[in-house]
Amino acid sequence: MFRKIPSKVRDTTVFQEFKNEFSPQVKAFEGLAKTFLDRHAKVVFSAMILLIVASFILTFFVLKPESSDQSQGIKKELNAIPGDLGSELSALQDLSSRAIQMNELKTEIERIISQESISKQDSIYLEKAIEQLQYFNDQPKEDEN
């Protein structure tokens, strides 16, 4: 079962060998599928439209989950999460929110600095934004200790 099959070409890949082995079956299936779709194009198209409509109706009108059942299910799923994983997820969420805030502050600082003249409000905002950036940069160092 696991014997080595020699290849005629030295640098062949597994995909090329599969292609060489199964290409007649694939070509035959393509031919059958093409003739079927050519003969029954209207039926296939109608079936696709009916499936889309049925899916729409089932999704929005028939299979409505109750909000209380949904909230109970979410609570059960949250209780199933181990405590360590929950703290890791909250830490990851905290890091992503910090990164978003830092990015927003940096873009705003760059916008203000690129202006020729800075108003009083911009300079006050710039000072506070720089302080916040310094706080965010110092915060992970404090968390590590």
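Use the structure listed above.
All figures in this text were calculated on a predicted structure; none of them were measured in a lab. (Residues numbered from 1 in each chain as written. Predicted model: local features only at pLDDT ≥ 70, side-chain atom pairs only at ≥ 80, totals over all residues. Heavy atoms only, no water.)

K.L.:
Hey, could you run me through the pattern of salt bridges in this one?
P.N.:
Close approach of charged atoms allows side chains with opposite charge to pair. Inspection of every chain in the model, using the stated rule, returns two salt bridges. D94 is the salt-bridge partner of R98, the closest N and O atoms lying 3.5 Å from each other. Taken as a pair, R98 and D94 lie in helix α4 (residues 83-113) at a separation of four residues, close to a single helical turn. Look at R98 and you get buried, because its relative accessible area is 14%. Among the residues examined, D94 registers a relative accessible area of 34% and is labelled partly exposed. (Salt bridge = Lys/Arg side-chain N within 4 Å of Asp/Glu carboxyl O. Helix = DSSP H or I, 4+ residues; strand = E, 2+ residues; numbered from the N terminus. Buried < 20%, exposed > 50% of the residue type's maximum accessible area, 1.4 Å probe, protein only.)

K.L.:
Explain the environment of I113 here, please?
P.N.:
Within the fold, I113 resides in helix α4. For I113 and L126, which are 13 residues apart along the polypeptide, the C-alpha to C-alpha distance reads 8.7 Å.

K.L.:
How should the side chain of D122 be read in this particular structure?
P.N.:
Tracing the backbone through its elements, the reader meets D122 in helix α5 (residues 120-144). The side chain of D122 sits in the buried core without any salt bridge; R111 is the nearest counter-charge, 4.5 Å away. For D122, the contacting residues outside a window of four places in its chain are R111, I112 and Q115. (Lys, Arg positive; Asp, Glu negative; His and termini not counted. Contact = heavy atoms within 4.5 Å.)

K.L.:
Would you mind showing me how to read the packing of aromatic side chains here?
P.N.:
Working definition: an aromatic ring pair is given by the centre-to-centre distance plus the angle between the planes. One pass over the structure, following the stated rule, counts three aromatic pairs. Where F18 meets F22, the ring centres are 6.0 Å apart and the plane angle is 20°; that geometry is what we call stacked. Residue F18 and its partner F22 are located together in helix α1 (residues 14-39), separated by four residues, close to a single helical turn. F18 gets classed as partly exposed once you look at its relative accessible area, which sits at 48%. The class for F22 is partly exposed, based on a relative accessible area of 42%. Aromatic pair F56 and F60: ring centres 5.0 Å apart, planes at 55°, arrangement tilted. Here F60 and F56 lie together in helix α2 (residues 41-62), a separation of four residues that amounts to about one turn. Accessibility expressed as a relative area gives 47% for F56, which makes it partly exposed. (Phe/Tyr/Trp six-rings, centres within 6.5 Å; stacked < 30°, edge-to-face > 60°.)

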